[in-house]
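One letter stands for each residue in the lines below.
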Amino acid sequence: MTGLIIPVPTTFLEWVFFALGINFGRAFGKRLDLEIQSTQWFRKKPVWLRWILKRLLDAIHHWYIGALLMIYFPNVPELYWFGTGLFVDDLPDIPRRAKILLAEFKRMANNSNS
């Protein structure tokens, strides 16, 4: 039986790219989304465009970008560990996102039954 394998950096290179991934995730996280939405540039856009931009900002999460890097580049240490850092940085957001997604599915199911 195989279990969950939790990657842990072992070399200096791995630690550097893991830290870069975490740092990059912090730099482009929720705070950036809120800063963009508070700008005059954003507020001057039509309501429909603000709605789309807000959804795009909300949908782009670095945990899945990190997971894709880990899956597709396991033999490129820099990309793998950068992806791991992105993934780890966004882990606390995953349960909340899953809850929102499930609530949306329930809402859509209720609307289709009406």
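Data block above holds the structure.
Every chain begins its residue count from 1, and numbering advances along the sequence as written. Under the rules for a predicted model, residues below a pLDDT of 70 receive no local features and side-chain atom pairs below 80 are neither given nor counted, while totals for whole chains, interfaces and linings still include all residues. Only hydrogens and water are set aside; all other atoms, that is, all heavy atoms of the structure, feed into the side-chain values.

A. Representation of the overall build of the chain. To qualify as a helix, a DSSP run of H or I must reach at least 4 residues; to qualify as a strand, a run of E must reach at least 2; elements of each kind are numbered from the N terminus. Of the regular secondary structure elements, the chain holds 7 helices and 0 strands. C-alpha atoms define the radius of gyration in this analysis, and the globule rule sets the expected value at 2.2 Å times the number of residues to the power 0.38. In summary, the chain has a C-alpha radius of gyration of 18 Å against a globular reference of 13 Å for 114 residues, an excess of more than 25%. Projected onto its principal axes, the C-alpha positions of the chain cover 50 × 40 × 20 Å. Note on classification: 1.4 Å probe, protein chains only; a residue is buried when its accessible area is under 20% of the maximum for its type, exposed when over 50%, partly exposed between these limits. Within the span of the chain, comprising 114 residues, buried residues form 24% of the whole. A sequence separation of at least 24 residues applies to 61% of the contacts in the chain between residues at least 6 apart. Shrake-Rupley sampling with a 1.4 Å probe provides the accessible areas, and residues are treated as covered by the protein chains on show and by no other component. Accessible surface computed for the chain: about 8600 Å², of which carbon and sulfur atoms make up 70%. Seen as two clouds, the 14 positive and the 9 negative side-chain charges of the chain have centres 13 Å apart. Working rule for contacts: check all heavy atoms of both residues, and any pair within 4.5 Å makes them a contact. Residues scored as positive are Lys and Arg, those scored as negative are Asp and Glu, and His as well as the terminal groups of each chain are ignored. Working definition for charges: the position is that of NZ of Lys, CZ of Arg, CG of Asp or CD of Glu.

B. Summary view of the packing of helix α5 (residues 62-72) against helix α6 (residues 77-90). Viewed as axis vectors pointing N to C, α5 and α6 meet at an angle of 150°, and their least axial separation amounts to 7 Å. The angle between α5 and α6 falls in the class roughly antiparallel. Pair α5 / α6 crosses with left-handed handedness. On α6, the residues that touch H62, W63, I65, G66, A67, L69 and M70 of α5 are L79, Y80, F82, G83, T84, L86, F87, D89 and D90. Under the scheme applied here, ten amino acids are nonpolar (Ala, Val, Leu, Ile, Met, Phe, Trp, Tyr, Cys and Pro), four are charged (Asp, Glu, Lys and Arg), and all others, including Gly, are polar. Among the residues forming the contact of α5 with α6, the class breakdown is 10 nonpolar, 4 polar and 2 charged. Every angle, taken between N-to-C directions, lies between 0 and 180 degrees, and every axis is a line fitted to C-alpha atoms, over only the stretch in contact when it is a helix. Put simply, angles under 35 degrees are roughly parallel, angles over 145 are roughly antiparallel, angles from 65 to 115 are roughly perpendicular, and the rest are oblique. By the definition used in this description, the sense in which the near helix is turned from the far one sets the handedness, with an anticlockwise turn below a right angle giving left-handed and a clockwise turn giving right-handed.

C. Region of the structure containing α5. For α5, the set of buried residues is H62, G66, A67, L69 and M70. Buried residues along α5 cover an arc of 160° about the axis, so they all sit on one side. Relative to its buried face, α5 has exposed residues pointing more than 90 degrees away, namely I71 and Y72. If you follow the buried residues of α5, they end up packed against α1 (12-27) and α6. By arc we mean the arc of the directions from the helix axis to the C-beta atoms, nothing more.

D. The arrangement of the environment of I65 in detail. Here I65 is to be found in helix α5. For I65 and F87, which are 22 residues apart along the polypeptide, the C-alpha to C-alpha distance reads 7.5 Å. Among all residues touching I65, those that are not within four sequence positions of it are I60 and L86.

E. Representation of the packing of α1 against α6 in the model. Across the interface, α1 lies against α6 with an axial gap of 7 Å and an inter-helix angle of 40°. Put simply, α1 runs oblique to α6. Considering the relative orientation of α1 and α6, their crossing is right-handed. On α6, the residues that touch L13, E14, F17, F18, L20, G21, I22, F24, G25 and R26 of α1 are P77, E78, W81, F82, T84, G85, L86, V88 and D89. Among the residues making up the contact of α1 with α6, the classes are represented as 11 nonpolar, 4 polar and 4 charged.

F. Examining the environment of H62 more closely. Relative to the elements of secondary structure, H62 occurs in helix α5. Counting along the chain gives 21 residues from H62 to G83, while the straight-line C-alpha distance between them is 8.5 Å. Identification of polar contacts relies on pairs of N or O atoms within 3.5 Å, with a donor-acceptor requirement for protein atoms, meaning one able to donate a hydrogen and the other able to accept it, and with residues adjacent in sequence counted only if both atoms are side-chain atoms. One polar contact links H62 to D89, side chain to side chain, over a distance of 2.8 Å.

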